[in-house]
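Chain by chain, the residues:
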Amino acid sequence: MASKVEFQEIAGRSVRLTNLDKVLFPDDGITKRDLVDYVVRCAEPLVAALRDRPLSMERRIDGLRGEGFFHKHRPDHFPDWIGRVEVPTSKGPMVQAVVNDAAALAVVTNFGCTTPHVPTTTVSDPHHPDQLVIDLDPSVDDLDQMRDAAYLVRDLLEDLDLPAFARWSGSRGVHVVVPLDRTADHAVVVPLGQRIAQVLEERYPALFTTAFHKVDRGDRIYVDVGRNGPGATVVASWSVRARPGAPVAMPVAWEEVDVTSPRHFTLRTAPERLGLDPWPGFEGARVDATRVL
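What comes next concerns the included structure. (Residues numbered from 1 in each chain as written. Predicted model: local features only at pLDDT ≥ 70, side-chain atom pairs only at ≥ 80, totals over all residues. Heavy atoms only, no water.)

### Observations concerning the nonpolar core
Across soluble globular proteins, you tend to see nonpolar side chains buried next to one another. Counting residues in hydrophobic clusters, the biggest one holds 77 residues, and the most contacted among them are Tyr38, Leu105, Ile134, Leu136, Leu157 and Phe208. Excluding residues that lie within four positions of it along the chain, Phe208 makes contacts with Leu136, Ala149, Leu152, Val153, Leu200, Glu201, Arg220, Ile221 and Val223. (Core = buried A, V, L, I, M, F, W, Y, C linked by side-chain atoms within 4.5 Å. Buried < 20%, exposed > 50% of the residue type's maximum accessible area, 1.4 Å probe, protein only. Contact = heavy atoms within 4.5 Å.)

### Some thoughts on the sheet that holds strand β13 (residues 208–209)
Taken in spatial order, the six strands make up an open sheet running β13-β14-β10-β12-β11-β16, and their pairing is mixed. Sheet topology places β13 and β16 (250–252) at the edges, where each strand pairs with a single neighbour. (Pairing = 2+ DSSP bridges. Helix = DSSP H or I, 4+ residues; strand = E, 2+ residues; numbered from the N terminus.)

### Observations concerning the side chain of Ser56
Looking at the secondary structure, you find Ser56 in strand β5 (residues 56–59). Note on Ser56: relative accessible area 1%, which makes it buried. The residues contacting Ser56, other than those within four sequence positions of it, are Phe70, His71, Lys72, Gln96, Thr115, Pro116, His117 and Thr233.

### What to know about the packing of helix α4 (residues 143–159) against helix α5 (residues 186–203)
For any two helices packed against each other, one specifies the inter-axial angle together with the distance between the axes. As a packed pair, α4 and α5 sit with axes 11 Å apart at the nearest point and diverge in direction by 120°. Overall, the two elements α4 and α5 adopt an arrangement that is oblique. The two elements α4 and α5 meet at a crossing, and its hand is right-handed. In this structure, α4 uses Leu152, Val153, Leu156, Leu157 and Asp159 to contact α5, whose residues at the interface are Ile196, Val199, Leu200 and Arg203. Its residues placed into classes, the contact of α4 with α5 shows seven nonpolar, no polar and two charged. (Axes fitted to C-alpha atoms, helices over the stretch in contact; angles between N-to-C directions. Parallel < 35°, antiparallel > 145°, perpendicular 65-115°, else oblique. Left-handed = near helix turned anticlockwise from the far one by under 90°. Nonpolar A, V, L, I, M, F, W, Y, C, P; charged D, E, K, R; others polar.)

### Structural notes on empty space enclosed by the protein
Gaps left between atoms show up when a probe the size of a water molecule is rolled over them. Applying the stated criterion across every chain yields a total of one cavity of 30 Å³ or more. By volume, the largest cavity is sized at about 60 Å³. The wall of the largest cavity is formed by 13 residues, among which Val39, Leu105, Thr109, Thr114 and Pro116 lie closest to the centre. Breaking the lining of the largest cavity down by element, the ones donating at least two residues are α1 (32–41), α3 (102–110) and β9 (113–118). (1 Å grid on protein atoms, 1.4 Å probe; cavity = no way out; pocket = protein on both sides within 12 Å on 5 of 7 lines; lining within 4 Å. Points joined across faces, edges and corners; volume = space filled by probe spheres on them.)

### Re the layout of surface pockets
The volume enclosed by the largest pocket comes to roughly 780 Å³. Of all the secondary-structure elements, those providing two or more residues to the lining of the largest pocket are α2 (43–50) and β15 (234–235). Considering only residue class, the lining of the largest pocket consists of 16 nonpolar, four polar and nine charged. When its volume is computed, the second largest pocket comes out at roughly 520 Å³.

### Brief notes about the pairing of strand β1 (residues 5–10)
As defined by bridge partners, β1 adjoins strand β2 (residues 13–18) across six bridges and the pair is classed as antiparallel. Paired with Glu6 across the bridge in β2 is Leu17. As consecutive antiparallel partners, β1 and β2 are separated by two residues, and within that stretch Ala11 has a phi angle of approximately 50°, a positive value.

### Structural notes on the packing of aromatic side chains
A ring pair, where both rings are aromatic, is described by two values, the distance of the centres and the angle of the planes. In total, this model carries six aromatic pairs according to the counting rule given. The interplanar angle of 65° and the centroid separation of 6.1 Å between the aromatic rings of Tyr204 and Phe208 together place this pair among those described as edge-to-face. A cation over a ring is seen here: Arg59 above Phe111, with NZ or CZ 3.7 Å from the ring centre. We note Arg154 situated over the ring of Trp254; from NZ or CZ to the ring centre the distance is 5.0 Å. (Phe/Tyr/Trp six-rings, centres within 6.5 Å; stacked < 30°, edge-to-face > 60°. Lys NZ or Arg CZ within 6 Å of the ring centre and 35° of its normal.)

### Let's talk about the side chain of Arg53
With respect to the helices and strands, the residue Arg53 is situated in the loop between α2 and β5. In this structure the side chain of Arg53 is engaged in a polar contact, spanning 2.5 Å, whose partner is the side chain of Asp130. Sequence-distant contacts of Arg53, defined by excluding residues within four places in its chain, comprise Ala97, Val98, Val118, Pro119, Thr120, Thr121, Thr122, Val123, Asp130 and Gln131. (Polar contact = N/O pair within 3.5 Å; in protein donor to acceptor, adjacent residues only side chain to side chain.)

### Some details on the sheet that holds β15
Read from one edge of the open sheet, four strands run β6-β5-β9-β15, paired in antiparallel fashion. Two strands lie at the open edges of the sheet, namely β6 (69–71) and β15, each paired on one side alone. Of the pairings in the sheet, the one linking β9 to β15 comprises two bridges and is antiparallel in character. Paired with His117 across the bridge in β15 is Val235.

### Brief notes about the pattern of salt bridges
If you walk through the whole model with that rule in mind, you get 15 salt bridges. For Asp141, the salt bridge goes to Arg172, with nearest N and O atoms at 3.1 Å. Of this pair, Asp141 sits in the loop between β10 (131–137) and α4 while Arg172 is found in the loop between β11 (165–168) and β12 (174–179), placing the two residues 31 residues apart along the sequence. The exposed category is assigned to Asp141, whose relative accessible area is 70%. The class of Arg172 is partly exposed, set by a relative accessible area of 30%. Measuring nitrogen to oxygen at the nearest pair gives 3.0 Å for the salt bridge that ties Glu283 to Arg286. Salt bridges sharing partners connect three or more residues here, namely Glu6, Asp21 and Arg33. (Salt bridge = Lys/Arg side-chain N within 4 Å of Asp/Glu carboxyl O.)

Here is the structure:
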């Protein structure tokens, strides 16, 4: 069956879009058009999270009815005006897309990218992370446990004189993010994350674990700091997750942690937060990770 094609003017460009009436979230009646409309409407915070970073696309071509997979290389058929960067891999260099405006965001969404993921480094400085991400992944659905865990991570970071900002993952857990000034390279940031995870496990062994295999975690929360290494990625803020309800990975103020939850914000409700800044002072809080170890 031939694709249904239409063109939209987005950020001063004519963007070719296809099959916009395809239902991606069947229980919610959310279509590809709804997803494209969302990313264009929320382009300002989404592009801010993606700009100048190699894009890894979590694709759901047939929505929640189909299989999801990761797609990293930049397709040759993408318009020339979509950025590109050559990234080293164990199999040789790979060209990835770089999303720097709303039009590019619409193109990758049309390509089937439901959830964009990016590294903690930028194209201009691929060796010095500008954030450290502590991903708390629960083993059981216990919101009170997750909230307690997030606060304990914040308290530990404060003890280390490190700023901490919270982001609901849009799935099951929470990301605690430390803004870095890019003085430290991966050789410093990765061990720092590992040490933070170890201290959490040592102090609160009934709550936290660093066990990689789920069978070894029991009811504990996995402290995942693997998002901080070379080649690793994390879901971008304001991204829609491939889950029923179309939840969104949303930065939140600490006072919101007690009144919201990992899937509280959705494709339909997240735009209500446009213009709000749940992370005031994030840029000014950047720290040098080398002084911690």
